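Single-letter residue listing:
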Amino acid sequence: MPHERLSVVVTRQLPEPVETRMKELFDVALRDPDTQMTRDELLAAMQRADVLVPTIRDRIDAELLAGVGGKLKLIANYGAGIDHIDVAAARQRGILVANTPGVLTEDTADMTIALILAVVRRMPEGMAMMQTGQWPGWSPTALLGGRIAGRRLGILGMGRIGQAVARRARAFGMQIHYHNRRRLRPEIEQPLEATWWESLDQMVARMDIISINCPHTPSTFHLMNARRLKLMKPGAVIVNTSRGEVIDENALTRMLRAGEIAGAGLDVFEQGAQVNPRLRALPNVVLLPHMGSATTEGRIEMGEKVIINIRAFADGLRPPDQVLPGGP
């Protein structure tokens, strides 16, 4: 296999340097124009390729995998999240799955802090006032937000991204709290002066800001459900740069409209691009189009990881970022 050019199908347009390198190395079919593949197109691609390079929007379930045939051997996902791929079903058919972890840690953490600042300091309200020409001039009591120094930040999911958020928040003078399945080792926890809460309920009830930084798994679906959201202080805000499914979006919308939660900053949504119009209409909510990882540097590094995974496979080696069933 090392001497053959693998047949690779890419489901979306990737940064130009990544596509150029893929063309040098593989027999690659690129996506032009940059539109999402239909389910039939996805199936056809998987039937003709040795390697599929999908993205988070390509749902690869057991039913789709059942019709693939025997040619496809590797799904080299362009992205860290793999909840759109049935890894166990792929494994049963002898198809390996790889992803691109760690690349977007700093970019996503930057956006988390940006959302915290935007919500707490009411930046979108100020921007809207300027863009519509409605600013009457400076006033001592206009658009008063809050100071983030000294506030309690509760991080839900203290993996790579959660820890990167904590490092940034410490620099802003925030107090770091977190809930994780397991407590961090002292050498990680102590420099952050981070407090571990075994009980998510108890942490949520005491925080000024909640940041969602855990993956979407069956156990984290609606982890922030209506009951847990009601534990939040009325003056607290919640931000999510992880996965929309972790929050019950309808319950969050109801509570924001009722003033039971002070604000929210969301980069991800439960129904993908279908954002609740009642949520969009709220002035105390900052909504972004899933752009937490959208840096040129990060997206090129993702592509480089995909290429490394494919080359390792071509050489008969285990892809360095192979995902196992039941893994992250």
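Within an unreviewed UniProt entry, the label attached to the chain reads 2-hydroxyacid dehydrogenase, and the organism entered is Plastorhodobacter daqingensis. According to the UniProt record, the Sequence similarities (unreviewed entry) comment for the chain is "Belongs to the D-isomer specific 2-hydroxyacid dehydrogenase family."

K.L.:
Would you mind going over the UniProt feature "domain: D-isomer specific 2-hydroxyacid dehydrogenase NAD-binding" (unreviewed entry) in the chain with me for this structure?
P.N.:
Feature annotation in UniProt places "domain: D-isomer specific 2-hydroxyacid dehydrogenase NAD-binding" (unreviewed entry) on residues 113–292, given in this structure's numbering. From the first C-alpha to the last, residues 113–292 spans 11 Å; its make-up is 33% helix and 15% strand.

K.L.:
In this structure, what is going on with the nonpolar core? I would like to understand it.
P.N.:
In summary, soluble globular proteins display a tendency toward joint burial of nonpolar side chains. Judged by nonpolar contacts, the single largest core of 29 residues is most densely connected at I212, M224, L229, M232, I238 and L252. Examining the composition of this core, we find that four residues originate from one element, helix α11 (residues 249–257), more than from any other. Ignoring any residue separated from it by four or fewer positions in sequence, one finds M224 in contact with L156, V204, I212, L229, M232, I238, V246, I247 and D248.

K.L.:
Please explain the packing of helix α5 (residues 105–120) against helix α7 (residues 160–171) as it appears in this structure.
P.N.:
For any two helices packed against each other, the geometry is given by the interaxial angle and the distance between the axes. Direction vectors running N to C along α5 and α7 enclose 50°, while the axes themselves pass 8 Å from each other. Accordingly, the angle class assigned to the pair α5 and α7 is oblique. The crossing of α5 and α7 is right-handed. Contacts from T105, E106, T108, A109, D110, T112 and I113 in α5 reach R160, I161, A164, V165, R167, R168 and A169 in α7.

K.L.:
Would you take a moment to explain the side chain of D50 for this structure?
P.N.:
With respect to the element layout, D50 can be found in the loop between α2 (39–48) and β3 (51–53). On the basis of relative accessibility, which here comes to 16%, the residue D50 falls in the buried class. For D50, the side chain forms a polar contact with the main-chain nitrogen of S7, separated by 2.8 Å.

K.L.:
What is the right way to look at the pairing of strand β7 (residues 175–179) in this model?
P.N.:
Regular strands place side chains that alternate from one sheet face to the opposite one. The buried fraction of β7 amounts to four of the five residues, a majority that puts the element mostly inside the structure. Sheet topology places strand β6 (residues 152–156) next to β7; five bridges connect them, and they run parallel. Within β7, the residue paired with I155 across the bridge is Y178. Since β6 and β7 lie parallel, the crossover through α7 that links them has a hand, and here it is right-handed.

K.L.:
How do you make sense of unusual backbone geometry when you look at a structure like this?
P.N.:
In most cases, non-glycine residues show a negative phi, while peptide bonds are predominantly trans. Omega for the peptide link from D32 to P33 comes to 5°, which places this bond in the cis form. At E193, a position not held by glycine, the phi torsion is positive, near 50°. Within the secondary structure, E193 is located in the loop between α8 (186–192) and β8 (195–196). Given the relative accessible area of 54%, E193 is considered exposed.

K.L.:
How do you make sense of the pattern of salt bridges when you look at a structure like this?
P.N.:
Side-chain pairs of opposite charge can arise where the charged atoms are in close proximity. Per the stated rule, a full pass over the model turns up 20 salt bridges. R59 serves as the salt-bridge partner of D61, at 3.1 Å between the closest nitrogen and oxygen. What makes R59 exposed here is its relative accessible area of 56%. In this structure, E187 engages R185 in a salt bridge whose closest nitrogen and oxygen atoms are separated by 2.8 Å. Taken together, the salt bridges that share partners define one network made up of R39, R59, D61 and E63.

Procedures and definitions
Starting from 1, residues in each chain are numbered consecutively following that chain's sequence as written. The predicted origin of the model limits local features to residues at a pLDDT of at least 70 and limits the giving and counting of side-chain atom pairs to 80 or more, whereas totals for whole chains, interfaces and linings rest on all residues. Note that water and hydrogens are dropped before the side-chain values are worked out from all heavy atoms of the structure. UniProt positions are given in the numbering used here, feature names are shortened, and annotations may be inferred rather than shown by experiment. The helix count covers DSSP runs of H or I at least four residues long, the strand count covers runs of E at least two residues long, and both are numbered beginning at the N terminus. To qualify as a nonpolar core, a set must consist of buried Ala, Val, Leu, Ile, Met, Phe, Trp, Tyr and Cys residues joined through side-chain atoms within 4.5 Å. The classification of residues rests on relative accessible area computed with a 1.4 Å probe and restricted to protein chains. Under 20% of the type maximum is buried, over 50% is exposed, and intermediate values are partly exposed. Two residues qualify as a contact provided that any one of their heavy atoms is within 4.5 Å of a heavy atom in the partner residue. Convention adopted: a line fitted to C-alpha atoms gives each axis, helices being fitted over their contacting stretch, and angles between N-to-C directions are expressed from 0 to 180 degrees. Comment on the angle field: the value is read as roughly parallel under 35 degrees, roughly antiparallel over 145, roughly perpendicular from 65 to 115, and oblique elsewhere. In this scheme, a crossing is called left-handed if the near helix is turned counterclockwise away from the far one by less than a right angle; it is called right-handed if the turn is clockwise. For this analysis, a polar contact is any N or O atom pair within 3.5 Å, provided that within protein one partner can donate a hydrogen and the other can accept it, and provided that sequence-adjacent residues contribute only side-chain to side-chain pairs. In this analysis, strands are considered paired if DSSP registers two or more bridges between them. Orient the strands so they point away from the viewer; a crossover is then right-handed if the path from the first strand over the helix to the second runs clockwise. Note on definitions: salt bridges are taken to be side-chain nitrogens of Lys or Arg within 4 Å of carboxyl oxygens of Asp or Glu.

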